[in-house]
Amino acid sequence: MPVIALTQGMGSLAQDIAEQLARELNLSTLQHEVAEHVASRMHVSKSLISRLRAGKAGTIERLTTDRAAIAVYSAEEVLDTAARGNVVLRGWGATALLRTVPHVPCIRIMRPFDKRVEWLMAELDTDDRELAENEIRRSDHANAARMHEQFGVNWGDPVLFDMVLNTDRLSVDTCVQQIKALLSRPEFAESEQSRAMLQGMAQSARVRAALRDHDSTKDVDVVIESAAGAVTLRGIVMSPEDRIAAAEVAAAVPGVVGIDNQLRVMAKSRLFPSAKN
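Residues numbered from 1 in each chain as written. Predicted model: local features only at pLDDT ≥ 70, side-chain atom pairs only at ≥ 80, totals over all residues. Heavy atoms only, no water.

Asker: Got a sec to walk through the overall build of the chain? Specific residues and values, please.
Answerer: For the chain, the count of helices and strands is 12 helices and eight strands. Within the chain, the proportion of its 277 residues that are buried is 45%. Of the contacts formed within the chain by residues at least 6 apart in sequence, a portion of 70% connects residues at least 24 apart. A total of about 14700 Å² of accessible surface is found on the chain, and carbon and sulfur atoms cover 50% of it. Computed over 33 positive and 37 negative side-chain charges, the separation of the two mean positions in the chain equals 5 Å. (Helix = DSSP H or I, 4+ residues; strand = E, 2+ residues; numbered from the N terminus. Buried < 20%, exposed > 50% of the residue type's maximum accessible area, 1.4 Å probe, protein only. Contact = heavy atoms within 4.5 Å. Areas by Shrake-Rupley, 256 points an atom, 1.4 Å probe, with all protein chains shown as cover. Lys, Arg positive; Asp, Glu negative; His and termini not counted. Charge placed at Lys NZ, Arg CZ, Asp CG, Glu CD.)

Structural data, given as structure tokens:
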């Protein structure tokens, strides 16, 4: 069940590559559907999510929208979809989320800035080069800022990827054939262990999203590990009530068969230290 993670850069031709891969390997694709999932979970418009990701949101929108929730819900959708297999994932941090999964190739699709500008001018049917340049710079800045904020990585660092393909020198078809060849290599063979690893990551993401959904646990930020339906919670919470609530919410997530609650409660004395003369 192939899973392929691609970067998304405006004008890089990543969409063309994803679509051809999907046709030739009979895979589904995931890109715009994530915005719909996130908007639904947050009870906001899909257009707001799109504006925030593109760097086009207004100041009030940026200040009032819960960006941490966007990260949690988008990770849930990406990992849940990846766990089902047979999919090409483009953007939404897929390469960062899935880079530790042995059978998932993480690939950067790139193209020189000038060629991307020419592509956008053609798409917009305009000769306003400055407009196209500003739009691509804004998109790149938004992508880089989001990847750094969410994953602590530099978006363009080639070390983060298994393959970097330049569509200035390589045709879309050549890129597709290179990715297919990479999939056939033993390093990317799916195994029982790698499949279980991905399933566990998806389950952890579902638990984290569930914690975010509940008022009593939305601020709980702890380590979540899942294996074969067994979930372990590690970290520090502020009260015994938080510890109990986190375990209860996690236990109610579909597919969870047991909870190992290793959460520790912050000592009150550290929260409110007494003054000493």
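Asker: An account of the sheet that holds strand 6 (residues 223–227) is needed here, citing residue identities and associated values.
Answerer: One open sheet accounts for three strands, arranged 6-7-8; its pairing is mixed. The open sheet has two edge strands with one neighbour each: strand 6 and strand 8 (258–265). With strand direction ignored, the average angle separating the axes of adjacent strands in the sheet is 10°. Across five bridges, the pairing between strand 6 and strand 7 (residues 230–237) is antiparallel. The residue of strand 7 that forms the bridge with Glu 225 is Thr 232. Packed onto the sheet, helix 10 (residues 192–213) meets strand 6 and strand 7 and runs at close to 135° relative to strand 6. (Pairing = 2+ DSSP bridges. Axes fitted to C-alpha atoms, helices over the stretch in contact; angles between N-to-C directions.)

Keep in mind these values describe shape, not function.
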